[in-house]
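# Working through the structure, step by step
As a plain string of letters, each chain reads:
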Amino acid sequence: MATYKPVVVQAIPKLGERITQDTLYWRGDKGGTPVQIKEFGAVNKIDFSPVSPYNYAVTASSRIHIYGRYSQEPIKTFSRFKDAAYCATYRDDGNLLVAGSEEGSIRLFDLSGRAPLRQFDGPTKAVHVVGFLSDKYRIFSGGDDYSSNLWDIPSGTEIVSYNEHTDYVRCGCASKVNADVFITGSYDHTVKLFDARTESSVMTIEHGHPVESVLLFPSGGLLVSAGGRYVKVWDVLKGGQLLVSLKNHHKTVTCLCLNSSGQRLLSGSLDRHVKVYSTTSYKVVHSFNYATSILSLALSPEDETIVVGMTNGVLNVKHRKPEERKENSQKKRQPAYRTYVKGRTYVPKQEDFCVSKPVKHVLRKYDKMLKSFQSSKALDAVLEPPIRLYTPEVTVAVMQELHRRGTLRSALAGRDEKQINLLLTFVARRVIEPRFTPVLVTVADMITDIYQPVVGQSAVVDRQFVKLQEAIGKEIDYQEELLEVLGMMDTLFATFTKKTATYVEEKKSNGLTETIEANMN
Amino acid sequence: MVAPAAAALRVVRCGGSSFHGARAVFSADSKQVGPGPGPGYLLCASGDFVKMYSVATEEMLRLMGGHADLVTGIQLNPHNHVQLYSSSLDGTIKLWDFMDGIPIKTFTVGSKLLALYALARFEDSVFVVIPKRGERATFQLVSVKLTKAAGQDLEAKELSVVLDGVDASPKSIAFGREGEYVASVKEIDLQVYFFKQKQLNRFCVSAVKTKSGNNQFTCIACHPTEDCIATGHADGKIRIWRNFYHKKEYTYSTLHWHHDTVMDLAFSVEGSSLLSGGVESVLVLWHNQSECEKDFLPRLGSPIEYISMASDGTLCCTLHTDNRITIINSNLRFARSIQGLIKSADIKTGLVVDPRTKALVLNGEPGHLQFYCLQSDQQLFSLDIVQRQYIHQAGLNQADLVKVAFSARGKWLATVEEREEVTDPELQLKLWFYDEEAQSFKLNTRINMPHEDQITDLCFRDMDELEDDSVILVTTGRDCVFKVWVIVEDTDPEAQQSVSWSCDFIGSYHNYQATNCCFSEDGSLLAVSFEETVTVWDSVTWDLKCTFCHPPGKIRNICFGRLTCSKYLIGVSDDGFLCCWNLLSCALEWSAHLNILVLQPDPLSEYIAAVSWLSKESSLFVFKPNEPRPIYIQRNLCREKIQLAAFIPRDEPETVGSEKYLWLRRSQLFFLTDTQELMTLSTKSLQERLTPASKQLAVEESLPVTPFSLLLGKHRRQQSQDDIDLGKLFVHNKCEQDSPAVKELLHTPAHVLPSASFLCPIFINSLLISKENKSAEEVADEVEMESEKTKDDSDEERDVTEMEQEDTSPLELFGEMTCKLPKSQEKELRKIRKVDYSWISAF
């Protein structure tokens, strides 16, 4: 014997962007709009302090600003540069900051002081990339004089200089695993891996485009390079074998960044997008849009803040929506865990007589009414505001079910002015939605049929009828226009097809019709 | 035993007949048989048979066959509660011992029997409804005196007419108060006949036609203790009649709940409540025959045809139009149901075979797909496809399943459901995935309006070896296109469902309606028929390869040849042509002028079965596409039109004697006529078929393994290896064991066996090897064997022959001897049979 089957409410897949775990994760704070800070020039580097409270250094024009997590004003400014400063980078302990400059010197700052602790002079041209090696006592740099240098902090002298690149060196990165290893990427389309213990580069990777940014995975085994429109991942341990090449931007990729767990890779580009890749599948799982071309990008530890620097000097700070705190729910007094598990683990003995509790199926109100064949009441139940307004598909599903049962007409009949008004409002509003159209056209038809004799007796109802008419008229016009467009496109496609066989032509046009219809829906 | 070469194929009905014949009967309460209180068995008429089910386990325990036509009534013998009367359209009443399934007596009445009533009060007679002699469509209730003479087959010629002009339906007559009176209804008349007073009262309701129907009588039930009659009417009313001794001052009250015809009524044993049922498939319990006190048991699944009560009132059962028995507790709780093959009025899905279970799949309950196991004659399960509440109301247009297809290994199931409506037709294509864990199909994708008009055909690309991504579904529609659906994998690793189906290609041909589609065996070609033309497409690039045409007829069905014949494409057109095209030369290979209705290729061989319909009879042709001459022709397969056919693969290839039946080796052909009879072709004899395979197995397996049996088995194996070509002993042993008579004798408890003298002739007959069936070679073998053993037995043989001369009834004596089953004596018996008895006749 079958039980009552509830009305099936058809879920229609939503078109457009799908909400995934990543969308939820990267979604901004609902209330707070992103903070925009205007800098003096293009922001070429953003670097987060590795220690709490996670301040970040922003290099723009001839200044380095240090911002706090929620502050919109800089906490500290280093402005002792004659020309543009480049690549202000924190040391692992967050105490020191190094920056290159257009005039060719590298300066080392103490976060508490103002004047530079050290100044490394030597490069004749602009130094675009500097960074600490993981032993904290050495600095690597790269600049427009095609050289990659290594400096000793205590003595303030150059240790070694590699002149292997044949074009500007614009990016670099030190290995976190080995204190002697660092990489630099250059406009000569290569990425070179250097070991401080050797005289020359250890490995050269051909990226194929001027390299704008490089990144080493925390494990040190994978290398990511960005240049041109491509982001490429290389396996260093396999001797620089290409693992995957990603082409998801339509302009040059300028910056790369890993999230704190190392599971997501972010890339910013001049095409105003930041893309988030999964590092397991290397598929784009999320993307952000910005107003102008992106030059630099940084993610705070624990992924709470995304800071993006743009060509017009605007710094965009987005705070990720914090995870829901569980403390709130814990405050509520709840029955002890014991209460829930009481008797759950009881194993019946052999002589016990088991009485099984029948599973109670809770039916919605309209289902209860439909079960007892009360058509009018079922319709009333789905015309209540919460259902009618927020889940119109339920209302329409019940209308369809009533139509299937042949009782829709009697359910619609015998209603007073207020109810007709309600029904007509609903129909006029929803009839143009393609998923509801077939059913609601029938409903509208029946309503007009039933209440034809009383037209003119109530101004409210008459107005609704007029509205319905307008809505349908508009929709018809719209459809006509769409068909015209379709006809135009058909002729266009027909001229494109080279094949003379008729069936191919038919196939094309039919395929087109289908896609356009899908779009319409 | 070698199958006799001359034996023709027999058309055998299978799939169990419907229970529509008569009300079911519970065995009288006998606590020693049932496991708990209440009746232990349920008996019901099913086609030509009477079936006995166990109430506790729902299992069919016994199938009692013997009637030559439909069984129309069954009644317990009121004087012996292990006996059962059954009446049939073949004009006989049989008395059965249903505990053993043995027919005790057969009374031949002569004319068709349409209903049977047996009452305790009339000791030696039963009541039957027979057609009135000389008049068509007029029936009378007669009482038949059952003579108590000895013997099995008796004539029952003493008929006395009780009531004239009764209705043919068994529901229209009821006996009241232990047979004080009999009441009968027909159209708008109610007549009550009092046996004692010999008084006949007629009542008549005024013929009123309302919107929902007229108030004609449909059924009647009498109160067991009071003078009270309940009648059901076509407009859904129930009338309770009292005081009907008086012709004028009778009274009646009306109970009205049903909105459609009341199909059956039954009083409870005490008469305190009344049960009624109808098209709504709701069982209504009326307390004290009052309008306000009633209980319902709703959603029984299908219209209720008959209601019957157990004699102790603990159970009641309803028989439904969809071949189901529902057993219901006294407190109106659903207890269990016995489901046969559901024969819905219109099988739109066709006969499909589930590759996984080898079950036959077709429309079941409305909106459901039934998986029916042919071996066990049982419904395996019913899959809810439409998933909507079905409203049992006449004239309501509800969504139903129209097309079904399985992928090659049964991993995917595609179903199409449809609701025909002028304004907004509903059409859904659903794709189901077989979930190994849940052991059932799960809905994967639902596509609304896959075509703008009805879907005419759908098929999967059958590729056994390849993996999931090669599965392709093609649907053809009346909207002049065919669509190709493929699985698309969701790229998102966190998505709930990794695969779903979407449309890949839409093809059309000169705006003709697409009617059929079919993939070649290797899946490289797709044939789609567009009205008069068959088009062949490449399944990789979806290019049109070639077209075949055979005007003016529209293509009715197409299929590709298989295995060695895979270069052929067969098409059937509705102007009566069967065409075979060669795909390599793109030319017509041969054609035949036949009005083929059904074209069914065997999935395991290259044979193709075609059923034609010509001059009111169906004929079967089996052919291979590479030769125009059919391999097998069976004319006059049956009188009805054959709608559908299906080849069901056998579990193991059958040994087929004749070259002619080679096509039956791998699969079995089933077909469905337009009267919803499921039939098959069988080479086996009737007796072999009657004993179900499972039962035979059960007996053999239940025997404990003893050292002796092991020894015997070893010995036998050796023997069979030694003279495998002769196979004589083996053959004989097998013959003895297979005989149902021997089995019956050996496996029936001794205390229920009839006397030895009764059994003896049957037993001996079963031991004898019929001469007619033996080929000359076999006889020769036997002679040889006998000559080997003659020395040992010669003495005994002489004894026996002597005895024979002395005794006048030698057969009986031998029977007693053979009961002990000495092997040597068996052989003697055989030899004796060879002895010429002609001299006896000289005396």
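Residues numbered from 1 in each chain as written. Chains lettered and ligands numbered in written order. Predicted model: local features only at pLDDT ≥ 70, side-chain atom pairs only at ≥ 80, totals over all residues. Heavy atoms only, no water.

## Observations regarding the overall build of chain B
For clarity, the cut-off: Per the convention used, a helix needs a DSSP run of H or I reaching at least four residues, while a strand needs a run of E reaching at least two, with both numbered from the N terminus. Only protein chains enter the accessibility calculation, which uses a 1.4 Å probe; a residue whose area is less than 20% of its type maximum is buried, one above 50% is exposed, and one in between is partly exposed. Using a 1.4 Å probe, accessible areas were evaluated by the Shrake-Rupley method; residue-level cover was limited to the displayed protein chains.
Scanning chain B from N- to C-terminus turns up 10 helices and 57 strands. Every one of the 843 residues in chain B was classed for burial, and the buried ones make up 50%. For chain B, the exposed surface amounts to about 39,500 Å²; the carbon and sulfur share of it is 51%.

## Let's talk about the sheet that holds strand β3 (residues 41-46) of chain B
All names here are of chain B. Counted only if it meets this: What makes two strands pair is DSSP finding at least two bridges between them.
Spatially, β2-β3-β4-β5 is the arrangement adopted by the four strands of the open sheet, whose pairing is antiparallel. Only two strands of the sheet have a single partner each, and these edge strands are β2 (25-26) and β5 (60-65). Direction of pairing for strand β4 (residues 49-54) relative to β5: antiparallel, over a ladder of five bridges. Pairing of M52 across the sheet is with R62, part of β5.

## Observations regarding the interface of chain B and chain A
The condition that has to hold: Between two residues, a contact is recorded if the distance between any of their heavy atoms is within 4.5 Å. A simple way to read buried area is as the amount of 1.4 Å-probe accessible surface that goes missing from two parts once joined, with both sides added. What counts as a salt bridge is simple: a side-chain nitrogen of Lys or Arg found within 4 Å of a carboxyl oxygen of Asp or Glu. Pairs of N or O atoms within 3.5 Å make up the polar contacts considered here, provided that, within protein, one atom can donate a hydrogen while the other can accept it, and that residues adjacent in sequence are counted only when both atoms are side-chain atoms. Gly is put with the polar residues, along with every residue not named as nonpolar or charged; the nonpolar set is Ala, Val, Leu, Ile, Met, Phe, Trp, Tyr, Cys and Pro, and the charged set is Asp, Glu, Lys and Arg.
At the interface, 33 residues of chain B touch 28 residues of chain A. Of the roughly 2,900 Å² buried at the junction of chain B and chain A (both faces included), carbon and sulfur atoms supply 47%. A per-residue breakdown of the area chain B buries against chain A is headed by R299, R388 and Q389 of chain B, which together make up 21% of the total. Where chain B meets chain A, there are two salt bridges. For the salt bridge of D384 of chain B with K5 of chain A, the shortest nitrogen-to-oxygen distance reads 3.2 Å. At the junction of chain B and chain A, the tally comes to five residue pairs in polar contact (both at pLDDT 80 or more). Every element with two or more residues in the side of chain B that touches chain A is listed here: β37 (426-435), β38 (440-448) and β42 (499-508) of chain B. At three residues, the largest contribution of residues to the side of chain B that touches chain A is made by β42 of chain B. Classifying every residue of the side of chain B that touches chain A gives 11 nonpolar, nine polar and 13 charged.

## A short note on the nonpolar core
Put simply, the test is: Buried residues of nine kinds, namely Ala, Val, Leu, Ile, Met, Phe, Trp, Tyr and Cys, make up a nonpolar core once their side-chain atoms join them within 4.5 Å.
Ranked by size, the top nonpolar core spans 39 residues in total, and within it L379, M399, L412, V427, L440, V443 and I447 of chain A carry the most contacts. Looking at this core, the elements that each hand over two or more residues are α4 (365-371), α5 (375-382), α7 (392-405), α8 (408-412), α9 (417-430), α10 (437-451) and α11 (459-496) of chain A. By residue number, the principal contributor to this core is α10 of chain A, which donates seven residues. One finds V534, F548, C579 and F621 of chain B within the second-largest nonpolar core, a separate group that totals 28 residues.

## Side note on the UniProt feature "repeat: WD" (unreviewed entry) in chain B
Basically, it comes down to this: UniProt positions are given in the numbering used here, feature names are shortened, and annotations may be inferred rather than shown by experiment.
Residues given the UniProt feature "repeat: WD" (unreviewed entry) here are residues 64-106, 210-241 and 255-286 of chain B. Regarding residues 255-286 of chain B, the helix share stands at 0% and the strand share at 56%, and the terminal C-alpha atoms are separated by 9 Å.

## Re the side chain of Q83 of chain B
Residues and elements named next belong to chain B. Mapped onto the elements of the fold, Q83 is located in strand β7 (residues 83-88). Judged by its relative accessible area of 15%, Q83 is buried. With sequence-adjacent residues up to four places away left out, Q83 is seen in contact with L76, N77, L95, W96, F98 and I104.

## Quick look at the pairing of strand β20 (residues 230-235) of chain A
All names here are of chain A. β20 sits mainly inside the fold: five of its six residues count as buried. Of the pairings in the sheet, the one linking strand β19 (residues 222-227) to β20 comprises six bridges and is antiparallel in character. Within the sheet, the bridge partner assigned to S225 lies in β20 and is K232. For β20 and strand β21 (residues 241-246), the ladder comprises five bridges, and the chain directions are antiparallel. When the sheet's bridge partners are listed, K232 is paired in β21 with S245. Count of turn residues in the β20/β21 antiparallel hairpin: five residues, of which G239 carries a positive phi of about 80°.

## What to know about the packing of α7 of chain A against α10 of chain A
Residue and element names in this part refer to chain A. The line we're drawing: Orientation is described by lines fitted to C-alpha atoms, with helices fitted over the stretch in contact, and by angles between N-to-C directions that extend from 0 to 180 degrees. With respect to orientation, any angle under 35 degrees is reported as roughly parallel, any angle over 145 as roughly antiparallel, any angle of 65 to 115 as roughly perpendicular, and every other angle as oblique. A crossing counts as left-handed when the near helix is turned anticlockwise from the far one by less than a right angle, and as right-handed when that turn is clockwise.
Put simply, α7 and α10 touch, their axes get as near as 10 Å, and they point 65° apart. Between α7 and α10, the crossing angle belongs to the class labelled roughly perpendicular. In this structure, α7 crosses over α10, and the sense of that crossing is left-handed. Counting all contacts with α7, which are made through V396, M399, Q400 and H403, the residues of α10 involved are V439, L440, T442, V443 and M446. Here the residues of the contact of α7 with α10 are counted per class, giving six nonpolar, three polar and no charged.

## Section: the environment of R650 of chain B
Residue and element names in this part refer to chain B. Looking at where R650 falls in the secondary structure, it is placed in the loop between β55 (642-649) and β56 (667-673). Accessibility expressed as a relative area gives 18% for R650, which makes it buried. Every residue in contact with R650, bar those within four places of it in the chain, is listed here: L664, R665, R666, S667 and Q668.

## Points about unusual backbone geometry
Residues and elements named next belong to chain A. Following S52, the chain continues to P53 via a peptide bond in cis, the omega torsion being 10°. You can see P53 is positioned in the loop between β2 (43-48) and β3 (56-60). Although it is not a glycine, Y146 adopts a positive phi angle of roughly 65°. Among the structural elements, Y146 can be located in the loop between β11 (138-143) and β12 (148-152).

## Some thoughts on the confidence of the model for chain A
All names here are of chain A. How we decide: A score between 0 and 100, pLDDT records how confident the predictor is in each residue.
Scored by pLDDT, chain A has a mean of 85; 91% of the residues are at 70 or more. Mean pLDDT across the elements of chain A bottoms out in helix α12 (residues 502-520) (44) and peaks in β20 (93). Within the model, the stretch residues 500-521 combines pLDDT values under 50 with 28 contacts to residues more than four positions away or in other chains.

## Re the packing of aromatic side chains
Residues and elements named next belong to chain B. Quick reminder of the rule: We call Phe, Tyr and Trp rings a pair once their centres come within 6.5 Å, taking the six-membered ring for Trp, and we label the pair stacked below 30 degrees between planes, edge-to-face above 60, and tilted otherwise. Geometrically, a charge over a ring is one whose NZ (Lys) or CZ (Arg) sits within 6 Å of the ring centre while staying within 35 degrees of the ring normal.
The final tally for this structure, using the stated rule, is 48 aromatic pairs over all chains. Taking 6.4 Å as the distance between ring centres and 40° as the angle between the ring planes, the aromatic pair formed by Y509 and Y512 counts as tilted. Of the residues examined, Y509 reaches a relative accessible area of 15% and is grouped as buried. Residue class for Y512 comes out partly exposed when judged on its relative accessible area of 35%. Aromatic ring contacts, followed pair by pair, group F482, F505, Y509, Y512, F530, W537 and W542 into a single cluster. Its guanidinium or amino end placed over the ring of Y306, K171 lies 4.9 Å from that ring's centre, counting from NZ or CZ.

## Section: helix α6 (residues 756-767) of chain B
Residues and elements named next belong to chain B. To be explicit about the condition: A helix is expected to span 1.5 Å multiplied by its residue count minus one. What the arc measures is the spread of directions leading from the helix axis to the C-beta atoms.
Spanning 12 residues, α6 covers 16 Å between terminal C-alpha atoms, matching the ideal 16 Å at 1.5 Å per step. Listed in full, the buried residues belonging to α6 are L759, C760, F763, I764, S766 and L767. In a view along the axis of α6, the buried residues occupy a sector of 150°, so they form one face of it.

## Remarks on a negative patch on the surface
Residues and elements named next belong to chain A. The test is simple: Residues with no salt bridge and a relative accessible area higher than 30% make up the patches, which join like charges within 9 Å and nonpolar side chains (Val, Leu, Ile, Met, Phe, Trp, Tyr) within 5 Å. By the counting rule applied here, Lys and Arg register as positive and Asp and Glu as negative, while His and the ends of each chain are not counted. The location of each charge is read from NZ of Lys, CZ of Arg, CG of Asp or CD of Glu.
On the surface, a cluster of negative charge is made up of D477, E480, E481 and E484. Inspection of the secondary structure assignment puts E484 in helix α11. In this structure E484 comes out as exposed when scored by relative accessible area, which is 51%.

## Side note on the sheet that holds strand β45 (residues 533-538) of chain B
Residues and elements named next belong to chain B. One open sheet accounts for four strands, arranged β43-β44-β45-β46; its pairing is antiparallel. Of all the strands in the sheet, the pair left with one neighbour each is β43 (514-519) and β46 (544-549). Averaged over all neighbouring strand pairs, the angle between strand axes comes to 20°, with direction disregarded. Taken together, the five bridges between β45 and β46 define a ladder with antiparallel strand orientation. Bridged to V534 within β46 is F548.

## Some thoughts on the pairing of strand β30 (residues 334-339) of chain B
All names here are of chain B. Sheet analysis places strand β29 (residues 324-329) next to β30, joined by five bridges and oriented antiparallel. Bridge pairing in β30 places I328 opposite F334. From the end of β29 to the start of β30, which pair antiparallel, there are four residues, and L332 there has a positive phi angle of about 60°.

## Focus on the side chain of S278 of chain A
All names here are of chain A. Structurally, S278 can be placed in strand β24 (residues 273-278). According to the relative accessible area criterion, S278 is buried, its value standing at 3%. Discounting chain neighbours no more than four positions away, the residues touching S278 are Q263, R264, K283 and V285.

## Details of the environment of L242 of chain A
All names here are of chain A. Structurally, L242 can be placed in strand β21. Taking the relative accessible area as the measure of exposure, L242 reaches 40% and is therefore partly exposed. With 20 residues separating them in the primary sequence, L242 and L222 have C-alpha atoms 9.9 Å apart. In contact with L242, not counting residues within four places along its chain, are K232, V233 and W234.

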